[in-house]
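Examining the three-dimensional arrangement
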Amino acid sequence: MKFRNLDNNGDWNFGRGKSDFIAQNDAIGLNIKTRLNSWVNDCFFNQTAGIDWLNRLGSTGQRELLELDIKRIIQQSEDVTGILSFDTFLNGRSFTAEYSVETVYSKSYEDKLELEL
């Protein structure tokens, strides 16, 4: 798998040829992170892609549904073969999801998603 790399602002890198792309586990990880940061109704060609962040974070009793949404997106990401570990933490207005996945490259990839509510 290859994926266009992002800069520190989350924008695609352009203008440096092949060095604008990353591969294998790094590409899988960036694809997961990009998909998790997508909002429902934000993608013009797939209105159902992403997470309904507004309702999940703005309403009480939504944590379990949010966790299911995050797991679904991770599992459906290209070249992910399974979730090895998954945990979420809510501390005041800070939400963190930590995950580790198995990939087609027979390697695990670990990352976390951090949000301020």
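Worth saying up front: this structure is predicted, and the values here are computed from it rather than measured. (Residues numbered from 1 in each chain as written. Predicted model: local features only at pLDDT ≥ 70, side-chain atom pairs only at ≥ 80, totals over all residues. Heavy atoms only, no water.)

1. A closer look at the overall build of the chain
The helix and strand inventory of the chain stands at 3 helices and 5 strands. Along its sequence from the N terminus, the chain presents helices and strands in the succession β-β-α-α-α-β-β-β. For 117 residues, the compact-globule estimate of 2.2 N^0.38 gives 13 Å, and the chain sits close to it at 15 Å. With the C-alpha coordinates aligned to their principal axes, the bounding extent of the chain is approximately 45 × 30 × 25 Å. Of all 117 residues assigned to the chain, the portion counted as buried reaches 32%. Put simply, 34% of the contacts in the chain that link residues at least 6 apart link residues at least 24 apart. Taking the average place of the 13 positive charges on the side chains of the chain and the average place of its 18 negative ones, the gap between the two points comes to 3 Å. (Helix = DSSP H or I, 4+ residues; strand = E, 2+ residues; numbered from the N terminus. Rg over C-alpha atoms; globule rule 2.2 N^0.38 Å. Buried < 20%, exposed > 50% of the residue type's maximum accessible area, 1.4 Å probe, protein only. Contact = heavy atoms within 4.5 Å. Lys, Arg positive; Asp, Glu negative; His and termini not counted. Charge placed at Lys NZ, Arg CZ, Asp CG, Glu CD.)

2. Observations concerning the environment of Asn13
Along the chain, the position of Asn13 falls in the loop between β1 (2-4) and β2 (21-23). Given the relative accessible area of 14%, Asn13 is considered buried. Other than its neighbours up to four places away in sequence, Asn13 contacts Arg4, Asn5, Leu6, Asp7 and Asp20.

3. Focus: the side chain of Thr96
Following the sequence through the fold, Thr96 ends up in strand β4 (residues 94-103). Sequence-distant contacts of Thr96, that is, excluding residues within four places in its chain, are made with Asp87, Thr88, Phe89, Lys112, Leu113 and Glu114.

4. Examining helix α1 (residues 24-36)
Its 13 residues place the ends of α1 19 Å apart at the C-alpha level, agreeing with the 18 Å of an ideal helix rising 1.5 Å per residue. Buried residues of α1: Asn25, Ala27, Ile28, Gly29, Leu30, Asn31, Ile32 and Leu36, and no others. (Expected span 1.5 Å × (residues − 1).)

5. Considerations on unusual backbone geometry
The phi angle at Gln24 is positive, at roughly 50°, despite the residue not being glycine. Along the chain, Gln24 turns up in helix α1. We classify Gln24 as partly exposed; its relative accessible area is 37%.

6. Looking at the pattern of salt bridges
Taken as a whole and judged by the stated rule, the model has 6 salt bridges. Close ionic contact of Asp111 with Lys33 constitutes a salt bridge, the shortest N to O distance being 3.4 Å. Remark: Lys33 occurs in helix α1 and Asp111 occurs in strand β5 (residues 108-116); sequence separation between them is 78 residues. On the basis of relative accessible area, Lys33 is assigned to the partly exposed category, the value being 27%. One network of salt bridges, in which partners are shared, links Arg56, Asp69 and Arg72. (Salt bridge = Lys/Arg side-chain N within 4 Å of Asp/Glu carboxyl O.)

7. What about the nonpolar core?
Among the nonpolar cores identified, the biggest contains 23 residues, and Ile32, Leu36, Ile70 and Ile74 are the most heavily contacted of them. Where this core is concerned, the elements lending two or more residues are α1, α3 (63-75), β3 (80-91), β4 and β5. Counting residues per element, this core draws most heavily on α1, which supplies 5 residues. Beyond its immediate sequence surroundings of up to four residues, Ile70 is in contact with Leu36, Ile51, Trp53, Phe86, Phe95 and Ala97. (Core = buried A, V, L, I, M, F, W, Y, C linked by side-chain atoms within 4.5 Å.)

Purely spatial values, then, with no claim about function.
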